[in-house]
Amino acid sequence: MLTLLTFPSAFGLYSGSPFCVKAAYMLHLSGLDWRRSDLLDARKMPHGKLPVLRTPERLLADSDAIRHWLEAQGAEFDHGLSDLQRAQSRAMIRMAEEHLYFQLLMDRWSDDAVWHHLRDRFFGEVPRLIRNPVANGVRRSVLRGLRAQGMARFSAAERMERAERDFEAITTCLWHGSFLMGDRPTAADLSAAPMLAAMRATPVATPLQRRVAGDPILSDYIDRMDTTLPLS
Ligand SMILES: N[C@@H](CCC(=O)N[C@@H](CS)C(=O)NCC(=O)O)C(=O)O
């Protein structure tokens with residue numbers, strides 16, 4: 001039996017981490033036997049991050065590595081796609097994971113109003129006496145990372161402008177089919193939809209949250225993924 005080590009559910013999502021949701025979707029589609037096991041602290045994991053898949057042989061870190069391992073077991077996430085579509089899918093995945101993800105992080109960790117919710121949800125299990133110092137330390141470290149990555153150097157308006165271009169690209173794909181690469185979910189959806197879902201689930205109406213929640217095409221797409229690939 002495979003075990004997916006994942007961050008717990010948060011804000012109505014299967015997991016607070018869109019990468020953990022992606023991994024759960026892949027396992028669901030693989031048809032293999034698996035179960036989830038929730039962790040609150042990923043520091044002891046191979047990359048200090050989640051998701052991690054426990055296979056009979058080892059701990060497998062990183063959702064992309066999990067994808068390749070599942071494909072080696074026979075799973076196929078881009079079934080029926082042409083070489084060109086597979087290449088476009090790869091670019092779409094990078095857009096979701098290397099740009100939209102950092103938009104989500106900024107929205108969650110830099111906004112004081114969101115932070116109160118995040119602290120209570122993500123650090124609620126930390127003993128009360130040390131909860132604030134621990135949570136504030138992690139927040140400082142995430143914000144330092146966002147400055148190094150570059151997202152924190154943009155103004156709020158610049159960030160929205162950059163996000164808008166990605167939402168337009170996703171919307172254009174959705175004009176052509178129910179999912180990004182056609183009429184059924186493929187690998188690109190497993191990355192993009194959880195990012196959008198996480199943005200929509202932010203428990204404060206930030207500009208990013210409102211943008212996704214108020215867009216019927218994006219919002220219907222999130223709901224369609226939920227009903228097409230239900231995660232229990
Ligand atoms: N490239 C990784 C990214 C995973 C990732 O960034 N996970 C975040 C949660 S969304 C994490 O574990 N963060 C904890 C930390 O950085 O300390 C993947 O695809 O699995």
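These figures come from a predicted structure and were not determined experimentally. (Residues numbered from 1 in each chain as written. Predicted model: local features only at pLDDT ≥ 70, side-chain atom pairs only at ≥ 80, totals over all residues. Heavy atoms only, no water.)

1. Let's talk about the domain arrangement of the chain
By the assigned domains, the chain splits into domain 1 (2–72) and domain 2 (83–228). Distance from the C-alpha centre of domain 1 to the C-alpha centre of domain 2: 18 Å. Facing the 18 residues of domain 1 at the interface are 23 residues of domain 2. For the pairing of domain 1 and domain 2, the buried interface totals around 1700 Å² over both sides, and the portion due to carbon and sulfur atoms is 66%. For the domain 1 face of the interface with domain 2, the top three residues by lost area are Phe11, Pro18 and Tyr25, together amounting to 38%. For the pair domain 1 and domain 2, the number of links is three salt bridges. Ionic pairing is found between Lys22 and Glu97, a salt bridge with its closest N-O pair at 2.6 Å. For the pair domain 1 and domain 2, the number of links is four residue pairs in polar contact (both at pLDDT 80 or more). Those elements that place two or more of their residues in the side of domain 1 that touches domain 2 are α1 (18–30) and α2 (63–72). Among the elements that line the side of domain 1 that touches domain 2, the one with the most residues is α1, at seven residues. Here the side of domain 1 that touches domain 2 is composed, by residue class, of 11 nonpolar, four polar and three charged. (Domains from an automatic or database assignment. Contact = heavy atoms within 4.5 Å. Buried area = accessible area lost by both parts, 1.4 Å probe. Salt bridge = Lys/Arg side-chain N within 4 Å of Asp/Glu carboxyl O. Polar contact = N/O pair within 3.5 Å; in protein donor to acceptor, adjacent residues only side chain to side chain. Helix = DSSP H or I, 4+ residues; strand = E, 2+ residues; numbered from the N terminus. Nonpolar A, V, L, I, M, F, W, Y, C, P; charged D, E, K, R; others polar.)

2. A word on the packing of α2 against helix α3 (residues 83–109)
Packed helix pairs are characterised by how far apart their axes lie and by the angle those axes make with each other. Between α2 and α3, whose axes approach to 13 Å, the crossing angle comes to 150 degrees. Seen from α2, the contacting residues are Ser63, Asp64, Arg67 and His68; seen from α3, they are Arg90, Ile93, Arg94 and Glu97. Its residues assigned to classes, the contact of α2 with α3 comprises one nonpolar, two polar and five charged. (Axes fitted to C-alpha atoms, helices over the stretch in contact; angles between N-to-C directions.)

3. So, a nonpolar patch on the surface
Taken together, the side chains of Leu129, Ile130, Val134 and Val138 define a hydrophobic patch exposed on the protein surface, amounting to about 360 Å² of accessible area. Positionally, Val134 belongs in helix α5 (residues 128–149). You can call Val134 partly exposed: its relative accessible area is 34%. (Patch = residues over 30% accessible without salt bridge, like charges linked within 9 Å, V, L, I, M, F, W, Y side chains within 5 Å. Areas by Shrake-Rupley, 256 points an atom, 1.4 Å probe, with all protein chains shown as cover. Buried < 20%, exposed > 50% of the residue type's maximum accessible area, 1.4 Å probe, protein only.)

4. A look at the side chain of Asp64
Relative to the helices and strands, Asp64 is located in helix α2. Those residues in contact with Asp64 that sit more than four places away from it in its chain are Lys22, Arg90 and Arg94.

5. Focus on the pattern of salt bridges
Following the criterion strictly, the structure yields 15 salt bridges and no others. With a shortest N-O distance of 2.8 Å, Arg211 and Glu164 are connected by a salt bridge. Placement of Arg211 in helix α8 (residues 207–213) and of Glu164 in helix α6 (residues 156–175) is noted, with a sequence separation of 47 residues between them. A single salt-bridge network, built from bridges that share partners, covers Asp64, Arg90 and Arg94.

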